[in-house]
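Each chain is listed here by its residues.
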Amino acid sequence: MELIQNTPDLSAYLAADEVIDHDHPVVRETAARLAADVPDSYAYARAAFEFVRDTVPHSQDAGDPRVTWRASDVLTLRTGICYAKAHALAALLRAEDIPTALCYQKLDVVHGLVAVRFHGAWHRQDPRGNKPGVDAQFSLDGEQLAWTPDLESNELDYPVLYAEPHPAVLRALKAAPDRPHLWKTLPTAL
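With that settled, the discussion passes to the side chain of glutamine 125. Among the secondary structure elements, glutamine 125 is positioned in strand β4 (residues 121-125). Classification of glutamine 125 as buried rests on a relative accessible area of 1%. From its side chain, glutamine 125 meets the backbone oxygen of serine 139 in a polar contact 2.7 Å long.

Laid out in structure tokens, this is it:
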């Protein structure tokens, strides 16, 4: 699948905004701590991925009713669904000048991922969090995502790489008072 930037300006994939608030002290402190222990940007990207995947529980798996959407809140509260975890990872990567996009899959509902740009190409990563039956790994040599869409069930990979969260995703996150409510309002398509 060819991944398509929704904007040709690569600097848009480094920008901070209300959601990917990589200028926030919590994001900056976390990024600095992770960067101190690695030799280069590739190792940093892997460390940031593993940090979000492994230390921020997926709120559904953990039974946490809180809904987070801003990267700094995800890192502070240590909870989030796939979209929120993708926002946190994007902020950590952008904090270290690694172009990062948000991207999505259509499964039963829309699932959130990130794509990082290395070696002149985009590489999708899934920081959702592992559990029995899910083994997402950081890779620049081939995808190892949490889910593979079942084309016979009308599931698919969306090829668009967004510099900002998709509006349907952000609306659902911001409007949800808790995760059970969010589960009823998750977007089923983009």
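Still more to cover.
With that settled, consider the side chain of lysine 106. By the secondary structure assignment, lysine 106 is in strand β2 (residues 100-106). Those residues within four positions of lysine 106 in sequence are excluded, and the remaining contacts are Asn154, Glu155, Leu156, Tyr158, Thr188 and Ala189.

Take helix α1 (residues 25-36) next. Over its twelve residues, α1 runs 16 Å from end to end, which matches the ideal 16 Å to within 8%, given 1.5 Å per residue. Within the span of α1, buried status applies to Val27, Thr30, Ala31 and Leu34. Projected down its long axis, α1 shows its buried positions confined to an angular sector of 100°, all on one face. Away from its buried face by more than 90 degrees, α1 exposes Glu29 and Ala36. Contacts from the buried residues of α1 go to α2 (41-55), α4 (71-77) and α5 (82-95).

What counts, and where the lines are drawn
- Residues numbered from 1 in each chain as written.
- Predicted model: local features only at pLDDT ≥ 70, side-chain atom pairs only at ≥ 80, totals over all residues.
- Heavy atoms only, no water.
- Helix = DSSP H or I, 4+ residues; strand = E, 2+ residues; numbered from the N terminus.
- Buried < 20%, exposed > 50% of the residue type's maximum accessible area, 1.4 Å probe, protein only.
- Polar contact = N/O pair within 3.5 Å; in protein donor to acceptor, adjacent residues only side chain to side chain.
- Contact = heavy atoms within 4.5 Å.
- Expected span 1.5 Å × (residues − 1).
- Arc of directions from axis to C-beta.

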